[in-house]
Amino acid sequence: MKLLLLSASPHKEKSSTFLLAQEVLRGAKEEGASCEILHLDNYKVFFCKHCEICHKKILKCSLKDDVTMILDKMLGSDGIILASPNYINQVTALLKALFDRSAHFIHCKRLEGKYIAGVVTSGSGQNKEVLDYMAYYGHTCGAQYSGGVSGLQQFGEDKKTEAFKLGKQLVADIKDKKQYPQQLQFIEQGKQHFARIIKLRQNDWVEEYKYWLAKGWL
Ligand SMILES: Cc1cc2nc3c(=O)[nH]c(=O)nc-3n(C[C@H](O)[C@H](O)[C@H](O)COP(=O)(O)O)c2cc1C
């Protein structure tokens, strides 16, 4: 089982959020998972230009940076841990930029069958909106959300324990193919919405339309 940790703090190895995320990894590894870590700040992630090439030709992009490599790694993982400090009640711009560049994942629900976990730290410890947004991102790409852990920048042992348990939960969800009915309902609604759009734009978004046909979703 392969997990991918996307760590979105510019503090990289010294990031509090990353330290908390490492506890998630410790829990996951104890259950047999392997994990790759990407500090997004080590990579070039340009802003989406909304050229729509990725909808016409799947995973092709007009921008020459590291995003296709990162998206490929997301596709190759069973579970993705999103770790970001809270920047004004949001993920960092770096992580948001990556999300924006993955619009094809949204159109074609490319994270379907995968599970997401969220990790956030902040000065206030008030991180619900950020975790909710990570869960929303996962759902909009078709993934279910195993849960999130968040705390203060100087988090305590209680948070480490919570994070460790979350790592185990993530692995258990992947192994059991856990179904969260409310989440699946939300994901299905999103899919129905895109079924209409993909049909409407079939002459423009040729490869995405073909993808939907091949999946038997239309
Ligand atoms: C641009 C910016 C915006 C921030 N916004 C918030 C915020 O809205 N609420 C909060 O509690 N902390 C906020 N913080 C503080 C960070 O979330 C906090 O220091 C975090 O734990 C840093 O994590 P890191 O070490 O993983 O980078 C902000 C920090 C920066 C640099």
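In this report, we go over the structure that sits alongside the text. Since the model is a prediction, treat every value here as computed from it, not as a measurement.

### Points about the site of the ligand
Taken together, 17 residues form the shell around the ligand, and within it S15, T17, P85, S122 and S124 come nearest. Residue assignment for the shell around the ligand shows that the elements contributing at least two residues are α1 (16-30) and β4 (115-122). For the shell around the ligand, the element with the highest residue contribution is α1, accounting for three residues. The class makeup of the residues in the shell around the ligand is four nonpolar, 13 polar and no charged.

### Description of helix α8 (residues 181-200)
For α8, with 20 residues, the first-to-last C-alpha span of 29 Å sits near the 28 Å given by 1.5 Å per residue. Across the 20 residues of α8, two count as buried, placing the element largely on the outside.

### Here we look at the pairing of strand β1 (residues 2-7)
The buried count for β1 comes to five of six residues, which makes it a mostly enclosed element. Where β1 and strand β2 (residues 34-39) come together, six bridges link them in parallel fashion. Bridged to L3 within β2 is C35. A crossover connection joins β1 to the parallel β2 through α1; in handedness this β-α-β unit is right-handed. With five bridges joining them, β1 and strand β3 (residues 79-85) adopt parallel strand pairing. Bridge pairing links L6 to L82 in β3.

Parameters at a glance
Residues numbered from 1 in each chain as written. Predicted model: local features only at pLDDT ≥ 70, side-chain atom pairs only at ≥ 80, totals over all residues. Near = placed C-beta within 6 Å. Helix = DSSP H or I, 4+ residues; strand = E, 2+ residues; numbered from the N terminus. Nonpolar A, V, L, I, M, F, W, Y, C, P; charged D, E, K, R; others polar. Expected span 1.5 Å × (residues − 1). Buried ≥ 20, exposed ≤ 12 C-beta atoms within 10 Å, placed from the backbone. Pairing = 2+ DSSP bridges. Right-handed = clockwise from strand over helix to strand, strands pointing away.

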